[in-house]
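Letter by letter, the chains look like this.
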Amino acid sequence: MPDAKPIYVLNGPNLNLLGSREPEIYGRATLADIEQACAERARQLGRKIVFRQSNVEGELVDWLQEARDKAAAIVLNAGAYTHTSVALHDAIKASSVPVIETHLSNPAAREEFRHVSLVGKAAKGVIAGFGATSYLLAVEAAVLLANEGARA
Ligand code: CA2
């Protein structure tokens, strides 16, 4: 599929700090390590990725809007905005591109305030709790959904 649209992998606040602190929760991989692993897995499955991180909620909204035309599917780790952002929820709802909510940790097994996901209420599905492997599972799910969409 030479002209296949890419998978967008979007990352929210503080994920640029990965690998430097709290390895017991988030693992030792840096975000650059995760980007490389996602690109490799997508390549094996015949897709490219666009990988970005921002600490700014509005920038994530802009990228979700951009993805409406440009992406085949979206892997989204919205970080703490997962639990608070009506703007991200609305941007996902406004899009027909499938979004896979993705987390390194398992928010359901952590503090109460992480148990609500406004992103999850709009997403196609959720992958959480497998460390950096969550991203690889999410890329696989994204490619499957993208291929289904391409056939539909
Ligand atoms: O488990 C995940 O992937 C989270 O999305 C990570 C967010 C957290 O707010 C969500 O509840 C679950 C936090 C990302 C912050 O990452 C850091 C990495 C290293 C040091 C400090 C924070």
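Residues numbered from 1 in each chain as written. Predicted model: local features only at pLDDT ≥ 70, side-chain atom pairs only at ≥ 80, totals over all residues. Heavy atoms only, no water.

### Here's the deal with helix H4 (residues 86-93)
1) Next: The set of residues buried in H4 consists of Leu 88, His 89, Ala 91 and Ile 92. Buried residues in H4, looked at end-on, bunch into an arc of 165 degrees, giving them a common side.
2) Next: Of the surrounding secondary structure, the elements contacted by the buried residues of H4 are helix H3 (57-70), strand S3 (73-77) and strand S4 (99-103).
3) Next: Its side-chain oxygen 3.4 Å from the backbone nitrogen of Ala 87, Ser 85 forms the N-cap of H4. (Buried < 20%, exposed > 50% of the residue type's maximum accessible area, 1.4 Å probe, protein only. Helix = DSSP H or I, 4+ residues; strand = E, 2+ residues; numbered from the N terminus. Arc of directions from axis to C-beta. Contact = heavy atoms within 4.5 Å. Polar contact = N/O pair within 3.5 Å; in protein donor to acceptor, adjacent residues only side chain to side chain.)

### Digging into the site of the ligand
1) Next: Neighbouring residues of the ligand: 16 residues in total, closest Asn 77, His 83, His 103, Leu 104 and Ser 105.
2) Next: In the model, an oxygen atom of the ligand is placed 2.7 Å from a nitrogen or oxygen of the His 83 side chain.
3) Next: Arg 114 places a polar side-chain atom, nitrogen or oxygen, 2.9 Å from an oxygen atom of the ligand.
4) Next: Coverage of the ligand by the protein amounts to 95% of the 510 Å² it exposes when considered alone.
5) Next: Tallied by class, the residues present in the shell around the ligand amount to 7 nonpolar, 6 polar and 3 charged. (Near = heavy atom within 4 Å. Areas by Shrake-Rupley, 256 points an atom, 1.4 Å probe, with all protein chains shown as cover. Nonpolar A, V, L, I, M, F, W, Y, C, P; charged D, E, K, R; others polar.)

### Quick word on H3
1) Next: The first and last C-alpha atoms of H3 sit 20 Å apart over 14 residues, in line with the 20 Å expected at 1.5 Å per residue.
2) Next: Every buried residue of H3 is accounted for by Leu 60, Val 61, Trp 63, Leu 64 and Ala 67. For H3, the angular spread of the buried residues around the axis is 165 degrees, confining them to a single face. (Expected span 1.5 Å × (residues − 1).)

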